[in-house]
Amino acid sequence: MRGILFQEVKSIIVKDDLPKPKIKKDEVLVRVKKCGICGSDIESYLTGALMLTGITLGHEFAGEIVEVGEAVKKWQVGDRVTANPNLPCNKCYWCKRNLENMCKNIGGLGLTVNGALAEYISVKQDRLYRLTDDISFEEGASVEPVAVSVFAVQASGFKIGENAAVLGAGTVGLYTIQVLNASGASDVFVIEPVEPQAKRALEVGATQIFEPKNWSKINKLTKKIGPDHVFDCAGVPQTYMDSLKLVRTGGTITVVGIHAEPFEMKGFHQLALKNITMKGTYCYTQDSFKTALGLLEKKKIDIKPVITKRITLDEVPEAFEILTKPNNTEVKIMVEP
Ligand SMILES: [Zn+2]
Ligand SMILES: [Zn+2]
């Protein structure tokens with residue numbers, strides 16, 4: 001079958017002769033219809049940090065079941081599905097507490113085993129989610145990134161009627177804005193320096209957009225109190241420091257973006273002086289994945305402004321190059337294998 005092989009750092013190739021996956025008893029074979037390229041795929045491409053080389057990348061996908069293993073009960077050939085790509089151990093301290101995103105031995109489709117940037121993928125039955133007729137394959141392939149935002153908003157303790165500032169309007173930022181609105185936010189202010197991204201943030205329901213240097217205007221718009229919540233969806237040193245200045249005294253900062261580079265911290269005393277709660281969130285649980293699917297089913301999430309390009313497998317190596325450029329304005333690139 002055709003697929004994308006992650007050979008080594010900065011090298012991915014299109015292969016025509018990858019073996020079609022052989023399914024185990026409790027697995028199904030899915031013909032992949034859509035698969036999104038994720039920021040973490042790009043991070044691995046550049047540094048080799050998150051995903052193993054020698055595998056097919058791709059963990060945000062949807063498709064149709066074409067074969068079922070002998071022990072599979074609930075699923076049939078022809079079912080339209082997406083999957084939670086995480087493969088938790090189900091044994092560790094965190095798995096036993098339903099916190100599989102914190103699993104000590106976590107693996108994943110397109111992370112430690114072959115993923116969905118290919119014609120076919122094998123998936124364990126307990127990771128599958130059914131797509132109803134009113135949800136497209138593209139929406140199905142968007143459940144995973146939406147789940148990241150759902151988990152972050154749930155973990156932040158956000159309450160109906162509160163306001164928030166979202167820093168960074170990439171995929172996670174654009175979905176976090178929408179999840180906050182679906183959760184009853186009074187205002188969602190967004191800080192985003194790049195013009196096309198800022199426009200998309202307005203399209204998905206941001207109250208107002210600000211350039212990073214104008215962050216203090218949000219203070220005025222909140223009666224000089226500051227927003228109840230700040231979501232750092234950019235993960236750059238500036239957003240980390242701005243968050244501490246911006247959030248109201250007694251407010252909560254949720255760090256979703258991954259600060260991969262070391263940086264010099266200024267103004268950290270604010271954390272104590274302002275009684276700020278700061279938390280990090282990573283990934284999502286089965287529960288937040290299910291909630292994300294529900295939001296997409298009910299059309300509470302608009303994926304159109306987020307998907308900026310649609311490509312075939314042949315164009316994937318070029319797309320990875322585009323996504324690594326600092327002046328890149330693509331958000332989500334959707335692949336049709
Ligand atoms: Zn992802
Ligand atoms: Zn575990």
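What counts and how
Residues numbered from 1 in each chain as written. Chains lettered and ligands numbered in written order. Predicted model: local features only at pLDDT ≥ 70, side-chain atom pairs only at ≥ 80, totals over all residues. Axes fitted to C-alpha atoms, helices over the stretch in contact; angles between N-to-C directions. Helix = DSSP H or I, 4+ residues; strand = E, 2+ residues; numbered from the N terminus. Parallel < 35°, antiparallel > 145°, perpendicular 65-115°, else oblique. Contact = placed C-beta atoms within 7 Å. Nonpolar A, V, L, I, M, F, W, Y, C, P; charged D, E, K, R; others polar. Left-handed = near helix turned anticlockwise from the far one by under 90°. Domains from an automatic or database assignment. Pairing = 2+ DSSP bridges. Buried ≥ 20, exposed ≤ 12 C-beta atoms within 10 Å, placed from the backbone.

**Comments concerning the packing of helix α1 (residues 39–47) against helix α10 (residues 316–324)**
Put simply, α1 and α10 touch, their axes get as near as 10 Å, and they point 90° apart. Looking at the two axes, α1 sits roughly perpendicular to α10. In this structure, α1 uses I42, Y45 and L46 to contact α10, whose residues at the interface are F320, L323 and T324. Across the contact of α1 with α10, the residue classes break down as five nonpolar, one polar and no charged.

**Some thoughts on the packing of helix α3 (residues 143–156) against helix α9 (residues 286–297)**
Two packed helices can be described by the angle between their axes and the distance between those axes. Running from N to C, α3 and α9 cross one another at 115°; their axes reach a closest spacing of 8 Å. Classified by the interaxial angle, the pair formed by α3 and α9 is roughly perpendicular. The hand of the α3/α9 crossing is right-handed. Residues V143, V146, A147, V150, F151 and Q154 of α3 pack against S288, F289, T291, A292, L293, L295 and L296 of α9.

**Focus: the domain arrangement of the chain**
Structurally, the chain comprises domain 1 (3–142 + 306–336) and domain 2 (147–280). The C-alpha-based centres of domain 1 and domain 2 are spaced at 29 Å. Considered class by class, the residues forming the side of domain 1 that touches domain 2 number two nonpolar, two polar and one charged.

**Concerning the environment of G48**
For G48, the location among the structural elements is in the loop between α1 and β4 (60–68). Separated by 22 residues in sequence, G48 and E70 place their C-alpha atoms 36 Å apart. Once residues within four sequence positions are removed from consideration, G48 is found in contact with V9 and T53.

**Some remarks on the sheet that holds strand β10 (residues 164–167)**
The strand order across the open sheet built from six strands is β12-β11-β10-β13-β14-β15, with neighbouring strands paired in parallel fashion. In this open sheet, the two strands that pair with only one neighbour each are β12 (208–210) and β15 (277–280). Averaged over all pairs of adjacent strands, the angle between their axes in this sheet comes to 20°, without regard to strand direction. Direction of pairing for strand β14 (residues 252–255) relative to β15: parallel, over a ladder of four bridges.

**Focus: the pairing of β4**
As paired elements, strand β3 (residues 27–37) and β4 share eight bridges and run antiparallel to each other. When the sheet's bridge partners are listed, V30 is paired in β4 with I65. Here β4 runs beside strand β5 (residues 80–83); their pairing, made up of three bridges, is antiparallel. Following the sheet pairing, E64 is matched in β5 by R80.

**Here we look at unusual backbone geometry**
Of note in the backbone geometry, K10 takes a positive phi value of approximately 60° without being a glycine. One can find K10 in the loop between β1 (3–8) and β2 (11–15). According to the C-beta neighbour criterion, K10 is exposed, with 12 such atoms within 10 Å. Of note in this structure, N98 is not a glycine but carries a positive phi near 60°. Take N98: it is sitting in the loop between β6 (86–87) and β7 (107–108). Accessibility expressed as a C-beta count within 10 Å gives 11 for N98, which makes it exposed.

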